[in-house]
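So you can see what is in the structure, the chains are spelled out below.
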Amino acid sequence: MRLPRRPRLLLPVAIALVAIVALFFLFSGIYTDFLWFDAADYTAVFTGVVLTQIVLFVAGALLMVAIAGGNMLLAFRLRPMFGPATFGGGSGADRYRMALDPHRKLIFIVGMGLLALFSGSSFSGQWGTWLQFVNGASFGKQDELFKLDISFFMFDYPFIRMVLNFLFTAVIISIVLAAITHYLYGGFRLQSPGVHASRAARTHLSLLLGIFVLLKAVAYWIDRYGLVFSDRGFVHGASYTDVNAVLPAKTILAIIALICAALFFAGVVRPGGMLPGVSFGLLVLSAILIGGVYPALVEQFQVKPNQQGKEAAFIQRNINATRDAYNVANTEVETYNAQADPTKVRTDGDTSVSGVRLLDPALVSSTYEQTQRIRGFYSFAEPLDVDRYPDANGKMVDHIVGVRELTSPPEGQDNWINRALIYTHGYGFVAAPGNQVDSSGLPAYDAKDMPVIGPLVNSTKLKDPRVYFGEDPASAEYVIAGGNPNNPQELDYPETGGTGQKNTTYTGGGVPVGSFFNRLLYAAKYGEVNILLSGDINDNSKILYVRNPRDRVAKVAPFLTLDGNPYPAIVDGRITWIVDGYTTSNDYPYSQSESLGDMTRDTSSDRRVIAQQPSDKINYIRNSVKATVDANDGTVKLYAWDSNDPVLKTWSNAFPGIIRPASEMSPDLRSHVRYPEDLFKVQRYTLSRYHITNPAAFYSGQDFWNVPNDPTQGTRNIKQPPYYLTTTMPGGEPTFSLTTTFVPRQGPNLAAFMAVDSSGGSGYGRLRILRMPSSTPIPGPGQAQNAFQSRFAGELNLLGVGASSVRYGNLLTLPYAGGLVYIEPVYIQVAAGGGQEPYPILQRVLVSFGSKIGVARTLEEALAEVFGGEQQQAPTEEGQTTTPTQTNAALSTAISNAQKAYEDAQKALQASPPDWDAYGDAQKRLEDALKSLEGANAQQPAAPTATPSATPSATPSASPPATPSASPSPTASPTGPDSQAGGT
């Protein structure tokens, strides 16, 4: 039944409208992408990638259509002259042909279009492989097996494999399509007995099969070079079996495949299926026997009985290549005859650890939130970052830094105008020295508040504290800033007293959205009609998106793998995000391939939400680029930090001019450069095995190390992160470093300590490992943590009563006084009341050296306990003894004082706002009471009724307990880092 005329006309119109709308949305996505790159001044990247993708798409689509479509047309033209009945009788093919033949042109066009789309898309997705192939730079060193420059394996081999895969796919599709066409149009029939084919069909298919086998011969030859990535042996790289069995087998198979291809071609002139059958059988049999069975026999009967001896040379190649590829070949490993007894060492006024960082950036993030957030719509990153700034005397001190970022408008006010036009940015840089706190245990901020004040801000001359570009994942996808400078409407910061707000107008870069056309495009992009209709958007307005600094760098440099932890710094008076970029590859010959995610996973990376890397497996890495993103205007700059890296040279050839020389970095920026965390994690993972350079010792593996689990995480099986802190290596000066520890594969003792110079100076990147002597057992991090918790369980429980809990900070390990010292801050997490969330306050410092442990309010006091000899009892008159009655009275007084001090501290915290002066005074009185309690307990006879735990009703708590049993026992041990140490 025919449709009425009007519906028949409306259908193509509807289809056209749908196509126009789809094309418009496609165009808006591409063009707004161009506008973003143009605003960021990186159009060379956009045009370079897009043009390369277009060329590859067209080339891939045309080649596939030419090969597959050409063979399909050829099969059609070669159909039998007298039709499908050439071989007699009808078949099922006739029915299919009769159904399809009237529409064959349409089917061919649609089919080739789909094939072109998929093949072109697949080929264009390999734009990186193509650019590296045509721009590849030489490494200047050869592989051990083929004596070819490393660049062949890094840049040429992947491209050759890509082309071969494409050709294999094209030929296989051609064989299938040609066979179907010949079958449908009578070129051959599947009849009993055997297959009956016309001469034209047999010739055509024989040629295609011959080309396929010829490609297989080429693939066998190219596969020889892929042996340098083999994982057959004890380590990655060509093994004994690969070199002595697989390599000659691949050569023989390539020759056999050439012979088989010739036999297929011979089938063109010789009728019958004998030659193709013989060649196919020969190819399969040789692949099984020569390519599979022979190498397996060599591996089983020659290598496995003597693997250590057979593989020694190849293990050595792997060791050398892996150390080069992961840039650890120059690591300095030295034996450190660490002392374990503090009574046998002299500190001689050594102050190298007295200023060590105590604030844990992972814990004090919530402290920054509660004390410096100011308003609920601001937040700080978790964890915070570690950098260094000068103190009042000009000495560089480790600082815990963060920026106050905007999350979202206040609850109940989250509408489009507020989200896109008013709440556009965060405000302020907050920093505190890592080695000190105020009298209350809070960070001693030297940059704080809104507007920003403090000595650090004065010394760095911070010009603009606004943060339009930051890490907070909850912030709006885009904002529209600028507008009318004569009538500012963007919230800058709340005014004093909460009576109003200070407004501002953005003056930085971005994509202009003043024109109707641009507004229309972005309205389509974000599906938001208000962008098109709002009267607050004018010629000065700019839309800001892709505001995460890591995402911005990834967009302008898609060839880089980025570190998971960008950090803010005040550089030349501006808040600047510093992002470390890596060139990575999985094509370095003989190097060990590992998962980047597995190598970098630890406590700190678990806290961050990190985008999935394009390729997780790597066997080569360099910190080749230092990138910066201006927090105010979003300007991205890329600096060639490792200009000798051949991979970076390759990408610089592909995108000339986008990477600046490192000489253009300002001295202020260089002073804030630090060694990147992810690279250090990769290198410590590698060095846990590859510190061994002898193949026999590597094979035995008895001296392999592990990165210890983080002891502050209780039973969680997760690695301890490396820590930024200023440390002094033997024979050196205090240096800002990134440090980590190792323990043996079996055993809890400390095996080694590793540090890398992170100062940005001439020693930057110097990797040093202190190997512990096997004759002197040095406690590992887990042992030190257990000792801390066992030794001071009672006192820490007294601190963590009521609504408070004990939190252990980062356990730091440092070389000191000829040994290794452990330093750990202990926080009390308090609930301040008034709607505030709990946050930690530093209350104690734990120090361990060997078997000696100290605890005190300050690091200096704790060090004195460890290295100052035995603690002295309070002096008494000669011959005088302390009676039980006097002791019990002292205990009662101390407990009463502790109870009163604790209650006063809780009242100070619950005030609105909290009274920090009163809280600090109460904490000092609580400390004095606890010391008195400890001293009185030392005089107490060993009777159950005279211990503090026998008087639980007097134990300090958040409120007077209802029953004596409700109070915590001072001798109870915390069950974990976040355990509630108190009772009700």
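Residues numbered from 1 in each chain as written. Predicted model: local features only at pLDDT ≥ 70, side-chain atom pairs only at ≥ 80, totals over all residues. Heavy atoms only, no water.

Outline the overall build of the protein chain, supporting the account with residue identities and numerical values.
Helix and strand counts for the protein chain stand at 27 helices and 33 strands. Considering the protein chain as a whole, with its 984 residues, one finds that 52% of them fall into the buried category. Summed over its atoms, the accessible surface of the protein chain is roughly 43,300 Å², and 56% of this surface lies on carbon and sulfur atoms. (Helix = DSSP H or I, 4+ residues; strand = E, 2+ residues; numbered from the N terminus. Buried < 20%, exposed > 50% of the residue type's maximum accessible area, 1.4 Å probe, protein only. Areas by Shrake-Rupley, 256 points an atom, 1.4 Å probe, with all protein chains shown as cover.)

Describe the side chain of Thr505, listing the residues and the values that go with them.
If you trace the backbone, Thr505 turns up in the loop between strand S13 (501–504) and strand S14 (511–512). With sequence-adjacent residues up to four places away left out, Thr505 is seen in contact with Gly482, Asn484, Pro485, Pro488 and Glu490. (Contact = heavy atoms within 4.5 Å.)

Describe the layout of surface pockets, and please don't skip the residues or the numbers.
Volume-wise, the second largest pocket comes out at about 880 Å³. If you tally residues by element for the lining of the second largest pocket, the top one is helix H6 (residues 150–184), at nine residues. In terms of residue class, the lining of the second largest pocket is built from 18 nonpolar, 14 polar and three charged. (1 Å grid on protein atoms, 1.4 Å probe; cavity = no way out; pocket = protein on both sides within 12 Å on 5 of 7 lines; lining within 4 Å. Points joined across faces, edges and corners; volume = space filled by probe spheres on them. Nonpolar A, V, L, I, M, F, W, Y, C, P; charged D, E, K, R; others polar.)

Provide a residue-level description of the packing of helix H5 (residues 127–135) against H6, including the pertinent values.
Helix packing for two helices is described by the angle between their axes and how far apart those axes are. The N-to-C vectors of H5 and H6 enclose an angle of 130 degrees; their axes lie 8 Å apart at closest approach. Between H5 and H6, the angle falls in the class oblique. Crossing angle aside, the handedness with which H5 passes H6 is left-handed. Residues Thr129, Trp130, Gln132 and Phe133 of H5 lie in contact with H6, whose contacting residues are Phe155, Asp156, Pro158, Phe159 and Met162. (Axes fitted to C-alpha atoms, helices over the stretch in contact; angles between N-to-C directions. Parallel < 35°, antiparallel > 145°, perpendicular 65-115°, else oblique. Left-handed = near helix turned anticlockwise from the far one by under 90°.)

If you had to explain helix H16 (residues 549–556) to someone new, which residues and values would you point to?
Of all the residues in H16, the buried ones are Pro549, Arg550, Arg552, Val553 and Val556. Taken around the axis of H16, the buried residues stretch over an arc of 160 degrees, which confines them to a single face. The N-cap of H16, judged by a side-chain oxygen 2.8 Å from the amide nitrogen of Arg550 a few residues on, is Asn548. (Arc of directions from axis to C-beta. Polar contact = N/O pair within 3.5 Å; in protein donor to acceptor, adjacent residues only side chain to side chain.)

Talk me through the nonpolar core; I want residue IDs and the actual numbers.
Formed by 186 residues in total, the largest nonpolar core has its most connected members in Phe429, Leu638, Phe655 and Ile823. With 16 residues, H6 is the single largest residue contributor to this core. When sequence neighbours within four positions are dropped, the list of residues in contact with Ile823 reads Val353, Val356, Leu358, Asn810, Leu811, Leu812, Leu814, Val845, Leu846, Val847 and Leu859. (Core = buried A, V, L, I, M, F, W, Y, C linked by side-chain atoms within 4.5 Å.)

Hey, could you go over the packing of aromatic side chains for me, with residue numbers and the actual values?
In total, this model carries 50 aromatic pairs according to the counting rule given. Geometrically, the ring pair formed by Tyr240 and Phe314 is edge-to-face, given 6.5 Å between the ring centres and 75 degrees between the ring planes. Residue Tyr240 is located in helix H8 (residues 240–266), and its partner Phe314 is located in helix H10 (residues 307–325); the two are separated by 74 residues in the primary sequence. For the pair Tyr240 and Phe314, one class covers both residues: buried. Between Tyr816 and Phe867, the aromatic rings sit 5.3 Å apart at their centres with planes inclined by 75 degrees, giving edge-to-face as the arrangement. Taken together, the residues Tyr816 in strand S30 (residues 812–816) and Phe867 in helix H25 (residues 859–867) connect sequence positions 51 residues apart. (Phe/Tyr/Trp six-rings, centres within 6.5 Å; stacked < 30°, edge-to-face > 60°.)

Pulling in residues and values, what's your account of the sheet that holds strand S15 (residues 542–545)?
Ordered by their spatial adjacency, three strands build an open sheet running S11-S15-S14, and the pairing between neighbours is antiparallel. The sheet is open, and its two borders are formed by strand S11 (478–481) and S14, each paired with just one other strand. Here S11 runs beside S15; their pairing, made up of four bridges, is antiparallel. Counterpart to Ala481 in the pairing with S15 is Lys542. (Pairing = 2+ DSSP bridges.)

Please set out the confidence of the model for the protein chain residue by residue, giving values where relevant.
Across the protein chain, pLDDT averages 85, with 84% of residues at or above 70. Predicted confidence for residues 609–613 stays below pLDDT 50, and this span has eight contacts to residues more than four positions away or in other chains. Confidence over residues 869–885 falls short of pLDDT 50; this stretch has eight contacts with residues more than four positions distant or in other chains. (pLDDT = per-residue confidence, 0-100.)

Describe the sheet that holds strand S6 (residues 396–403), and please don't skip the residues or the numbers.
The three strands are arranged S5-S6-S9 in an open sheet whose pairing can be described as antiparallel. Both edges of this open sheet fall to strand S5 (385–390) and strand S9 (429–433), since each of them pairs with a single strand only. Pairwise comparison of adjacent strand axes, ignoring direction, gives a mean angle of 40 degrees for this sheet. Relative to S9, S6 runs antiparallel, the two being bridged by five bridges. Note on S9: the bridge partner recorded for His399 is Pro433.

So what's going on with the pairing of S6? Residues and values would help.
Successive side chains on a regular strand alternate, one facing one side of the sheet and the next facing the other. With seven of eight residues buried, S6 lies mostly within the body of the structure. With six bridges connecting them, S5 and S6 associate as antiparallel partners. Within S6, the residue paired with Tyr389 across the bridge is Val397. Counting the residues between successive antiparallel strands, the hairpin from S5 to S6 contains five residues, one of them, Gly394, with a positive phi of roughly 85 degrees.

Pulling in residues and values, what's your account of the pattern of salt bridges?
Scanning the entire structure with this criterion turns up 24 salt bridges. The closest approach of N and O atoms between Glu334 and Arg768, which form a salt bridge, is 2.8 Å. One end of the pair, Glu334, is in strand S3 (residues 332–335); the other, Arg768, is in strand S28 (residues 767–771), and 434 residues separate them in sequence. Overall, Glu334 belongs to the partly exposed group, its relative accessible area being 27%. Note that Arg574 is salt-bridged to Asp633, the shortest N-O span being 3.7 Å. (Salt bridge = Lys/Arg side-chain N within 4 Å of Asp/Glu carboxyl O.)

Lay out the environment of Gln702 in plain terms, naming residues and giving numbers.
As for its position among the elements, Gln702 is in the loop between helix H22 (695–700) and strand S24 (705–706). Once the C-alpha coordinates of Gln702 and Gln746 are considered, the two residues, 44 residues apart in sequence, prove to be 9.1 Å apart.

Could you give an account of the packing of helix H2 (residues 43–77) against helix H4 (residues 104–124), naming the residues involved and the relevant values?
Closest axis-to-axis distance for the H2/H4 pair is 7 Å, and the angle between their directions is 145 degrees. For the pair H2 and H4, the sense of crossing is right-handed. Side by side, H2 and H4 meet where Gln53, Leu56, Phe57, Gly60, Ala61, Met64, Val65, Ala68, Gly69, Met72, Leu73 and Phe76 of the first sit next to Arg104, Phe108, Met112, Leu115, Ala116, Leu117, Ser119, Gly120, Ser121, Phe123 and Ser124 of the second. When the residues that make up the contact of H2 with H4 are grouped by side-chain class, the tally is 15 nonpolar, seven polar and one charged.

Lay out the side chain of Arg622 in plain terms, naming residues and giving numbers.
If you trace the backbone, Arg622 turns up in strand S21 (residues 620–630). Within the buried core, Arg622 has no salt-bridge partner, and the shortest N-O distance to an opposite charge, that of Asp642, equals 4.1 Å. A polar side-chain atom of Arg622 sits 2.8 Å from the main-chain carbonyl oxygen of Asp324. Once residues lying within four places of it in the same chain are set aside, the contact partners of Arg622 are Asp324, Ala325, Tyr326, Asn327, Gly581, Tyr582, Thr583, Asp642 and Asp645. (Lys, Arg positive; Asp, Glu negative; His and termini not counted.)

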